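# Structural description and commentary
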Amino acid sequence: MGFLFGKKKADPSQPHPDWPWTLSEGGNILRDFTWENIEYDLAELYPDSDSFLILEQKDPKNDEHYWYIQSAIALKGPNKDNYIVGVGWSGESGPALMERCYHWKDLDTVIGIFEQAFQRKPLDLSGYESFF
């Protein structure tokens, strides 16, 4: 009976419905920001190791539980100059990271993915590759 009436466990690969957000703009951490900050920062990414954006959540009761989405421009390799979007979380057996590349012309797609996450809506991770 407990299963029928118990609280459904949140999917750790998705944004948590209750955890607070922080935003890291190239390493500068913001706790107070708006959607417009995220959208602007994504449009301002450029190919440099210091140019990245991370939207992160941590469990206020246990900071070992987290979820994040990040983006940067690939600096080398076959996806050079394209967007890399990574989604990571604290998995039951260790950290998890899924990544996918988007063409440099697909900024609107990348912005849409971040907007979905910021609104705490489920993300479609099909097409993402696991790195752990």
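Use the structure listed above.
Residues numbered from 1 in each chain as written. Predicted model: local features only at pLDDT ≥ 70, side-chain atom pairs only at ≥ 80, totals over all residues. Heavy atoms only, no water.

## Notes on the overall build of the protein
- What the protein contains, in helices and strands, is 3 helices and 7 strands.
- The linear arrangement of helices and strands in the protein, starting from the amino end, is α-β-β-α-β-β-β-β-α-β.
- Here the C-alpha radius of gyration of the protein, 15 Å, is about what a compact globule of 132 residues would show, namely 14 Å.
- With the principal axes as the frame, the protein shows a C-alpha extent of 55 × 30 × 25 Å.
- Burial analysis of the protein (132 residues in total) assigns 36% to the buried set.
- Once local pairs closer than 6 in sequence are excluded, the contacts in the protein between residues at least 24 apart make up 54%.
- With the model as given, the accessible surface of the protein reaches about 8,500 Å², and the carbon-plus-sulfur share is 52%.
- Separation of charge centres in the protein, based on 12 positive and 22 negative side chains, amounts to 6 Å. (Helix = DSSP H or I, 4+ residues; strand = E, 2+ residues; numbered from the N terminus. Rg over C-alpha atoms; globule rule 2.2 N^0.38 Å. Buried < 20%, exposed > 50% of the residue type's maximum accessible area, 1.4 Å probe, protein only. Contact = heavy atoms within 4.5 Å. Areas by Shrake-Rupley, 256 points an atom, 1.4 Å probe, with all protein chains shown as cover. Lys, Arg positive; Asp, Glu negative; His and termini not counted. Charge placed at Lys NZ, Arg CZ, Asp CG, Glu CD.)

## Considerations on helix 3 (residues 107-118)
- For helix 3, built from 12 residues, the straight-helix expectation of 16 Å at 1.5 Å per residue is met to within 8% by its first-to-last C-alpha distance of 16 Å.
- In this fold, the buried residues of helix 3 make contact with strand 1 (21-25), helix 2 (35-43), strand 3 (52-59), strand 4 (62-73), strand 5 (83-91) and strand 6 (94-102).
- Positive backbone phi, approximately 65°, marks R120, located one or two places after helix 3. (Expected span 1.5 Å × (residues − 1).)

## Let's talk about the sheet that holds strand 3
- Spatial ordering of the open sheet is given by 2-1-3-4-5-6-7, a layout of 7 strands whose pairing is antiparallel. The two strands at the open ends of the sheet, each matched to only one other strand, are strand 2 (28-30) and strand 7 (129-130).
- Bridge count for strand 3 against strand 4 is 8 bridges, and the pairing is antiparallel. Within strand 4, the residue paired with K58 across the bridge is Y66. (Pairing = 2+ DSSP bridges.)

## Re the pairing of strand 6
- Pairing analysis gives 9 bridges linking strand 5 to strand 6, with the strands arranged antiparallel. Across the sheet, the residue bridging to V87 is M98, located in strand 6.
- The turn linking strand 5 back onto strand 6 is made up of 2 residues.
- As paired elements, strand 6 and strand 7 share 2 bridges and run antiparallel to each other. Bridged to E99 within strand 7 is E129.

## Points about the nonpolar core
- Counting 28 residues, the largest nonpolar core has I38, L42, I69 and F114 as its most contacted members.
- Among the secondary structure elements, those contributing two or more residues to this core are strand 1, helix 2, strand 3, strand 4, strand 5, strand 6 and helix 3. (Core = buried A, V, L, I, M, F, W, Y, C linked by side-chain atoms within 4.5 Å.)

## Thoughts on the pattern of salt bridges
- For the coordinates displayed, the defined rule picks out 1 salt bridge.
- Notably, a salt bridge pairs K80 with D81, separated by 3.6 Å at the nearest N-O pair.
- Judged by its relative accessible area of 44%, K80 is partly exposed.
- Note on D81: relative accessible area 33%, which makes it partly exposed. (Salt bridge = Lys/Arg side-chain N within 4 Å of Asp/Glu carboxyl O.)

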